[in-house]
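A closer look at the structure
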Amino acid sequence: MGFGYKNKLHVQKQDIPPDVVKAVEFQINKEIYSQYLYNSMGAYLQCSDLPGMAKWMFKQAREEEEHAFKLIEWLTLKGQRVHLAQIDEPIPQWWDSPQAVFENSLEHEKLVTSLIHSMGEKILPFDKDHPELGIQALVQWFIDEQVEEEESVGKIVQIFVDGKSSNRSMSDIDIEIGNIQHTC
Ligand SMILES: [Fe+2]
Ligand SMILES: [Fe+2]
């Protein structure tokens, strides 16, 4: 997805139900937490001298920031004030192996998928009375994005599993992961 401050877009004031604002703000916090966690994973991989894996993970962190920004913009372009809450410290910040990092990332993506579904359960009921807000499209974008993210990190976990059974070196696996293109 494209990222950046779209300074040509103007605010079109629309009233958003407070419960919708609250649920979207909660998800903004979780997306920024994901960015924080993935930066922590990238740092671990980089100082473990695995530059390919670190590159992939740092890029993933940037994508999480884009997700948060998409939600922020969804609110602010409707003239809605946004309250950003405190971000938790990422846990963990150290792993037993590079494989454990990506397994943890997959586990985290599954958690985020469940959070997106619970955001959907909270805000989709408002779609009927406020079709102009585009609630349905917003939720669907995030559901589709989660399918892609679980799939891409799942494929990386599989590279480790297959690599173990064929005795591949860690630096070889690092090169392969560093060459994977992010899908958006
Ligand atoms: Fe995300
Ligand atoms: Fe994600």
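Summary of the structure given here.

Parameters and conventions
Residues numbered from 1 in each chain as written. Chains lettered and ligands numbered in written order. Predicted model: local features only at pLDDT ≥ 70, side-chain atom pairs only at ≥ 80, totals over all residues. Helix = DSSP H or I, 4+ residues; strand = E, 2+ residues; numbered from the N terminus. Expected span 1.5 Å × (residues − 1). Axes fitted to C-alpha atoms, helices over the stretch in contact; angles between N-to-C directions. Parallel < 35°, antiparallel > 145°, perpendicular 65-115°, else oblique. Left-handed = near helix turned anticlockwise from the far one by under 90°. Nonpolar A, V, L, I, M, F, W, Y, C, P; charged D, E, K, R; others polar. Core = buried A, V, L, I, M, F, W, Y, C linked by C-beta atoms within 7 Å. Buried ≥ 20, exposed ≤ 12 C-beta atoms within 10 Å, placed from the backbone. Contact = placed C-beta atoms within 7 Å.

Turning our attention to helix H1 (residues 18-47). For H1, which comprises 30 residues, the first-to-last C-alpha distance of 44 Å matches the rise-based estimate of 44 Å (1.5 Å per residue) to within 8%. The positive-phi residue at the C-terminal boundary of H1 is Asp49, with phi of around 60°.

It is at 8 Å that the axes of H1 and helix H2 (residues 51-76) come closest, and there the two elements cross at 165°. Taken together, the axis directions place H1 and H2 in an arrangement best described as roughly antiparallel. Helix-helix and strand crossings are classified by hand; for H1 and H2 the assignment is left-handed. Residue composition of the contact of H1 with H2, grouped by class: 18 nonpolar, eight polar and three charged.

The next thing to look at is the nonpolar core. When a protein is soluble and globular, its nonpolar side chains tend to lie buried together. One finds Met41, Leu45, Met53, Ala54, Met57, Val101 and Ile177 to be the most contacted residues of the largest nonpolar core, which totals 16 residues. The set of elements that each furnish at least two residues to this core consists of H1, H2, helix H3 (98-123), helix H4 (135-165) and helix H5 (170-178). In terms of residues, this core owes the most to one element, H1, which gives five residues. Excluding residues that lie within four positions of it along the chain, Met53 makes contacts with Leu45, Pro98, Asp174, Ile177 and Gly178.

We now examine the packing of H1 against H3. The geometry of H1 relative to H3 is characterised by a closest axis approach of 10 Å and an angle of 175° between their N-to-C directions. It follows that H1 is roughly antiparallel to H3 by the angle criterion. In this structure, H1 uses Asp19, Val20, Ala23, Gln27, Lys30, Ser34, Leu37, Met41, Tyr44 and Leu45 to contact H3, whose residues at the interface are Pro98, Val101, Ser105, His108, Val112, Leu115, Met119, Lys122 and Ile123.

Bringing unusual backbone geometry into the picture now. Between Ile91 and the following residue, Pro92, the backbone shows a cis peptide bond with an omega angle of 0°. The backbone phi angle of Asp49 is positive, close to 60°, even though this residue is not glycine. Relative to the helices and strands, Asp49 resides in the loop between H1 and H2. Residues other than glycine seldom take positive phi values, yet Asn167 does so here, at roughly 55°. Here Asn167 falls in the exposed class, since 6 other C-beta atoms lie within 10 Å of it.

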